[in-house]
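# Commentary on secondary and tertiary structure
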Amino acid sequence: MTNQPIPYANEPRPDTGLRNNRLGLWLVLASEIMLFAGLFSALAFLRIGSTDWPTSALEHGLPLINSFVVAASVLVILFAGRAVTRHEGEFRLLWSLGLGLGLLVLFIRSAEWSILLGIGRLPSTHNLFGIYFVLTGVHAVLLAGNLAVNGWILVTGASLARQDPARHRERVYGAIVPWLALVVVWFAIMIGFFV
Amino acid sequence: MKRRFRIRRYHAPPGLAVVWLVWPLNAYACPVCFGEPDSSQTRGLQAAILLLGGVAGLLVTGIAAMVFTIRRRAGRNAP
């Protein structure tokens, strides 16, 4: 079996102007959107259909702090994306910072879960906690996956940037777009539960 | 020649099952099934359907738009 590279992965196809990796990325994002649409639909049903929805029972401080960290990570990741084709050193610095902020988001999430579980607010306690743990848990799993990819780009990116800059740039693009999607989902979670 | 149907002993279990299935029982409908429009459950279900249908509709529209765009571009840039 020959090891054939994927055609039009790094450069656009001449007739359609489409890159295959970007098409695949957007299809994955479409499936992710449908996954979260189902979960948010369940949230709408439970929240509007419930006569007792104790939002104040949730931990408010840590999710708010997490929102600021998430917003900061977006800026850092976008600046890193801009620097990828210009300054590899600057890109690596900003990318590492974005990775650190992502890990901080996961750490704050785990602290928040520990507090909730510690005071007996389990998923089985109320539908509010059930859907909250499911939504934030799925979001955390996807975020962890994205962080793993970001870490891989950080480790392997330097040599790839020298050998094949276009491929490196496309990998970075493929990591930034899902990150932005997860940020949008995070703010939708905040609106769905705390507004 | 047409065979005459006779009730046998082994007909009893399926016959009893049919009787059990059609025996009238009380039906307890939730407000959604009952059609109570002002119930919070009905409003919750309507919101959930609207949200899921809206997102699915937007997504399918986006995919269709993408297919048409690719087709148009490919036609324009064909050698």
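Sequence order as written defines the numbering, with residues in each chain counted from 1. Here chains are named by letter from A upward and ligands by number from 1 upward, in the order in which they appear as written. Predicted model: local features are reported for residues with pLDDT of at least 70 only, side-chain atom pairs are reported and counted for 80 or more only, and whole-chain, interface and lining totals are derived from all residues. Excluded from the side-chain calculations are hydrogens and water; all other atoms, namely the structure's heavy atoms, are used.

### A short note on the interface of chain A and chain B
You'll often see interface size given as the accessible area lost when the parts meet. Any two residues whose heavy atoms approach within 4.5 Å are treated as being in contact. Contacts between the two partners involve 18 residues from chain A, matched on the other side by 17 residues from chain B. The rule for a salt bridge is simple: a side-chain nitrogen of Lys or Arg has to be within 4 Å of a carboxyl oxygen of Asp or Glu. Where chain A touches chain B, the interface holds 0 salt bridges. Two N or O atoms form a polar contact when they lie within 3.5 Å of each other; inside protein one atom must be a possible hydrogen donor and the other a possible acceptor, and for residues adjacent in sequence the pair counts only when both atoms belong to side chains. At the junction of chain A with chain B, the criterion picks out 3 residue pairs in polar contact (both at pLDDT 80 or more). Any residue outside Ala, Val, Leu, Ile, Met, Phe, Trp, Tyr, Cys, Pro, Asp, Glu, Lys and Arg is labelled polar, Gly included; the first ten of those are nonpolar and the last four are charged. Here the residues of the side of chain A that touches chain B are counted per class, giving 11 nonpolar, 6 polar and 1 charged.

### Description of the packing of aromatic side chains
The relation between two aromatic rings is expressed through the spacing of the ring centres and the mutual angle of the planes. Residue and element names in this part refer to chain A. Only centres within 6.5 Å qualify two rings of Phe, Tyr or Trp (six-membered ring in Trp) as a pair; their planes then separate them into stacked at under 30 degrees, edge-to-face at over 60, and tilted for everything else. All told, the structure shown has 5 aromatic pairs over all chains when counted by the stated rule. Between the aromatic rings of Y132 and F133, the centroid separation amounts to 6.4 Å while the plane-to-plane angle is 75 degrees, which identifies the pairing as edge-to-face. Across the pair, F133 and Y132 agree in class, each one buried. These aromatic residues form a ring-pair network of at least three members: W113, Y132, F133, F193 and F194. Two limits define a charge over a ring: the Lys NZ or Arg CZ must be within 6 Å of the ring centre, and within 35 degrees of the ring normal. Across the ring face of Y173, the terminal group of R22 is positioned such that the distance to the ring centre comes to 3.7 Å. Think of it in three bands: residues with accessible area under 20% of the maximum for their type are buried, residues over 50% are exposed, and the middle band is partly exposed, with areas taken using a 1.4 Å probe on protein chains only.

### Comments concerning unusual backbone geometry
Backbone geometry at Y8(A) places phi at a positive 55 degrees, although glycine is not the residue there. The helix count covers DSSP runs of H or I at least four residues long, the strand count covers runs of E at least two residues long, and both are numbered beginning at the N terminus. Here Y8(A) lies in the segment before helix 1 (20-49).

### Structural notes on the confidence of the model for chain B
A residue's pLDDT is the predictor's confidence in that residue, given on a scale from 0 to 100. Looking at chain B, the pLDDT average stands at 87 and 99% of residues meet or exceed 70. Two summary scores accompany this predicted model of the complex, namely pTM at 0.82 and ipTM at 0.81.

### Quick notes on the packing of helix 3 (residues 88-118) of chain A against helix 4 (residues 127-163) of chain A
Residue and element names in this part refer to chain A. Helix axes are fitted to C-alpha atoms over the stretch in contact, other axes to C-alpha atoms as well, and angles between N-to-C directions run from 0 to 180 degrees. Put simply, helix 3 and helix 4 touch, their axes get as near as 10 Å, and they point 155 degrees apart. Taken together, the axes of helix 3 and helix 4 are roughly antiparallel relative to one another. The hand of the helix 3/helix 4 crossing is left-handed. Residue classes in the contact of helix 3 with helix 4 are distributed as 19 nonpolar, 8 polar and 4 charged. The scheme is simple: roughly parallel for angles under 35 degrees, roughly antiparallel for over 145, roughly perpendicular for 65 to 115, oblique for anything else. Each helix crossing is assigned a hand: it is left-handed if the near helix lies turned anticlockwise from the far helix by less than a right angle, otherwise right-handed if that turn is clockwise.

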